[in-house]
Amino acid sequence: MINKHYKRNSSQADTSELDATGKTVFDDIYTAPDPRSYCEAMQALDYTIPKHALPMFSDLFQDYREQSGKESVRVLDLGSSYGINAALLRFDLGLSDLYQRYTSPEAQALTTSELMQRDRSDYCLQPTEKTVEMVGFDISAPALQYAQEVGLIVDSVQANLEVDEVTTEQSQQLENTDCIISSGCIGYVTTTTLEKIIDVCTPHLPWMGHCVLRMFSLQQLTTLLKERGYDVDIAPEPVPQRRFASHEEQTQVLSRLHELGVDPTGLEDQGWLYAWLITATPAVARAEQYYN
Ligand SMILES: C[S@@+](CC[C@H](N)C(=O)[O-])C[C@H]1O[C@@H](n2cnc3c(N)ncnc32)[C@H](O)[C@@H]1O
């Protein structure tokens, strides 16, 4: 349950703890009652991946609409957090505008309840994109609750399918998914989660767009997707995700890249994490597009 009267005073995320993959642990800011700490910490690290992923997501939805004949697309956002992708996709708002919305002195002065009220009335205003229906999927109940209460997402699935099985209720929420997207989430979420969602949706295969850090091997992901009937496309150039939060994080990630045989020259060795942009579409859909 969100503490709506919570007012923040501390702003600095602790970047000293690394997880098993070598990345900084951000658990506290993922589970705060509102997006302010998250936006502050991500802005400080120049977290830009949602901006780079946006054209891939929009193109995917457009191709899906054309192929399926459906006007409205139901999108599951894996690791949706406070509805960051939903805000960027549905409103005429850039990532820097979004950060500004939550880090400005005016926003800092509000309680969570007041911030929610402000967001609810702003997000009620006509979204520029009305044909995308966003469903949030995250392990963080407070983040999902915030996004849903202010109207960024129409439904939320709070789950950790890395360890748990899909419940009957979750299965009903997931089964009509048209597209699945993710930014900054693969790594926390692996093929274990993706396979469970694909199982629920089969025989209908949701179209997918994911951003995957170069520090994670793509092999398991692409193997799963191909086995389940997808064509997988990886954009030729990786895009920057964010700056390293500490020298220790960079050292750990460089050593992981070395183990994977990935050359960091000009990319991670310059102080930034980089990600691949990946789309996966049902092989049959692509064939139909080709022959029609
Ligand atoms: C870096 S944030 C990305 C948020 C958002 N997609 C963006 O790009 O701004 C990672 C998100 O993954 C979520 N997450 C971590 N482990 C998860 C799991 N096992 N299942 C679902 N979500 C998870 C976190 O709670 C967090 O909201």
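Presented here is a report on the structure given in the accompanying data block.

Reading the values: the criteria
- Residues numbered from 1 in each chain as written.
- Predicted model: local features only at pLDDT ≥ 70, side-chain atom pairs only at ≥ 80, totals over all residues.
- Heavy atoms only, no water.
- Near = heavy atom within 4 Å.
- Polar contact = N/O pair within 3.5 Å; in protein donor to acceptor, adjacent residues only side chain to side chain.
- Areas by Shrake-Rupley, 256 points an atom, 1.4 Å probe, with all protein chains shown as cover.
- Nonpolar A, V, L, I, M, F, W, Y, C, P; charged D, E, K, R; others polar.
- Phe/Tyr/Trp six-rings, centres within 6.5 Å; stacked < 30°, edge-to-face > 60°.
- Buried < 20%, exposed > 50% of the residue type's maximum accessible area, 1.4 Å probe, protein only.
- Lys NZ or Arg CZ within 6 Å of the ring centre and 35° of its normal.

## A look at the site of the ligand
Phase 1 of the analysis: The environment of the ligand is formed by 19 residues, the closest being Tyr-38, Tyr-47, Gly-79, Asp-138 and Ser-183.
Phase 2 of the analysis: One of the backbone nitrogen or oxygen atoms of Gly-79 is found 2.8 Å away from a nitrogen atom of the ligand.
Phase 3 of the analysis: Here Ser-183 contributes a side-chain N or O atom positioned 2.6 Å from an oxygen atom of the ligand.
Phase 4 of the analysis: Calculation on the ligand without its partners gives an accessible area of 600 Å², and the protein chains cover 95% of this total.
Phase 5 of the analysis: Of the residues assigned to the shell around the ligand, the class counts are 11 nonpolar, 6 polar and 2 charged.

## Thoughts on the packing of aromatic side chains
Phase 1 of the analysis: Applying the stated criterion to the full structure yields 7 aromatic pairs.
Phase 2 of the analysis: Aromatic side chains Phe-26 and Tyr-30 sit 6.3 Å apart centroid to centroid with 55 degrees between the ring planes, which places their arrangement in the tilted category.
Phase 3 of the analysis: For Phe-26, a relative accessible area of 4% gives the class buried.
Phase 4 of the analysis: Grouped by ring-pair contacts, the aromatic residues Phe-26, Tyr-30, Tyr-38, Tyr-82, Tyr-146 and Tyr-188 constitute a single cluster.
Phase 5 of the analysis: Sitting above the plane of the Tyr-188 ring, Lys-23 keeps its charged end 4.4 Å from the centroid.

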